[in-house]
Amino acid sequence: MDNFNYVDEHGKPMTEREFVAQVKQSRQFAVTRAHDDRERDVTLRLRPLGYDAGQTGSALPSASLNPAELPAMIDFRTCPRPAYPPDEVRAKHTGLVKLNFLIGADGAIRKAEIGTSSGYPALDQAALAALSRCSFTPGTSAGAPVEKVSIVQYKWSIE
């Protein structure tokens, strides 16, 4: 079983409840992990609304979301973390892949695709295959479950 650590965009620890509340507001976050398969820690790190990997500015203010309008949410506790492909570890390849999941009103994945590549197809495919086994909570509109897109970022890093 993985140990989950939750941190804000500045690396400050937070509770799971605080993390989930912030994700519902910001709708964007990245997942980081070490390549050592014996390491069972997974760190879920928030990224501010409008975050772009190329930006270096300060955090942007959170948008105020209507609680009846929520994005589809991935539950990382329901699936294995992606395994770092051995060839990619040897080559010291790292990167951030953005995955697009179309989530039905029933929470089922309707479509999964690579939105933005990490630059390494093997890393992209490993993240897509593993995270496609996660459970999702459907998004809502006017308080009712609806089909929505969920964008999930996965950061591959060798530490």
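Residues numbered from 1 in each chain as written. Predicted model: local features only at pLDDT ≥ 70, side-chain atom pairs only at ≥ 80, totals over all residues. Heavy atoms only, no water.

Looking only at helices and strands, one finds three helices and eleven strands in the protein. In sequence order, the protein lays out its α and β elements as β-β-α-β-β-β-α-β-β-α-β-β-β-β. Going through the 159 residues of the protein one by one, you find that 37% of them count as buried. Considering only contacts in the protein between residues 6 or more positions apart, those separated by 24 or more positions represent 70%. As displayed, the protein has an accessible area near 8,700 Å², and 51% of this comes from carbon and sulfur atoms. (Helix = DSSP H or I, 4+ residues; strand = E, 2+ residues; numbered from the N terminus. Buried < 20%, exposed > 50% of the residue type's maximum accessible area, 1.4 Å probe, protein only. Contact = heavy atoms within 4.5 Å. Areas by Shrake-Rupley, 256 points an atom, 1.4 Å probe, with all protein chains shown as cover.)

With that settled, consider the pattern of salt bridges. Note on pairing: side chains with opposite charge can pair once their charged atoms come close. For the coordinates displayed, the defined rule picks out four salt bridges. Put simply, Asp87 and Arg90 hold a salt bridge, and the shortest N to O gap is 2.3 Å. Pair noted here: Asp87 and Arg90 are both in helix H2 (residues 86-90), with a separation of three residues, about one helical turn. (Salt bridge = Lys/Arg side-chain N within 4 Å of Asp/Glu carboxyl O.)

It is worth spelling out the state of the cysteines at this point. Structurally, a disulfide amounts to a covalent bond that connects the sulfur atoms of two cysteines. The full count for this structure, using the stated rule, is one disulfide. Paired through a disulfide, Cys79 and Cys134 show a sulfur-sulfur distance of 1.8 Å. Of the two residues, Cys79 sits in the loop between strand E5 (73-75) and H2 while Cys134 sits in the loop between helix H3 (121-131) and strand E8 (135-137), which places them 55 residues apart along the sequence. Cys134 shares its class with Cys79; the two are buried. (Disulfide = S-S within 2.5 Å.)

So, about the side chain of Asp124. On the secondary structure map, Asp124 appears in helix H3. Lys98 provides the closest opposite charge to the buried, unpaired Asp124, separated from it by 12 Å. A polar atom in the side chain of Asp124 sits 2.7 Å from the side chain of Ser118. The contacts of Asp124, once residues within four sequence positions are left out, are Val97, Leu99, Ile114, Ser117, Ser118 and Gly119. (Lys, Arg positive; Asp, Glu negative; His and termini not counted. Polar contact = N/O pair within 3.5 Å; in protein donor to acceptor, adjacent residues only side chain to side chain.)

Now for unusual backbone geometry. The phi angle at Lys92 is positive, at roughly 60°, despite the residue not being glycine. Within the element layout of this structure, Lys92 appears in the loop between H2 and strand E6 (95-103). Despite not being glycine, Ala142 shows a phi value in the positive range, around 55°. Take Ala142: it is sitting in the loop between strand E9 (139-141) and strand E10 (144-146). Residue Ala142 is classed as exposed on the basis of its relative accessible area, which comes to 66%.

The next thing to look at is the nonpolar core. In terms of nonpolar packing, the biggest core is built from 19 residues, with Ile74, Leu99, Phe101, Leu131, Phe136, Val152 and Trp156 touching the most fellow members. Contributing elements (two or more residues each) for this core: E6, H3 and strand E11 (148-156). Ranked by residues supplied to this core, first place goes to H3 with five residues. (Core = buried A, V, L, I, M, F, W, Y, C linked by side-chain atoms within 4.5 Å.)

Moving on to the confidence of the model for the protein. On average, residues of the protein score 75 in pLDDT, and 64% of them are at 70 or above. Residue range residues 33-38 is modelled with pLDDT below 50. Its contacts to residues more than four positions away, or to other chains, number 19 contacts. Within the model, the stretch residues 48-65 combines pLDDT values under 50 with 21 contacts to residues more than four positions away or in other chains. (pLDDT = per-residue confidence, 0-100.)

Taking relative accessible area as the criterion, Cys134 reaches 6% and is therefore assigned buried. On a C-alpha basis, the gap between Cys134 and Arg77 in space is 7.8 Å, while along the polypeptide they are 57 residues apart. Excluding residues that lie within four positions of it along the chain, Cys134 makes contacts with Ile74, Asp75, Thr78, Cys79 and Ile109.

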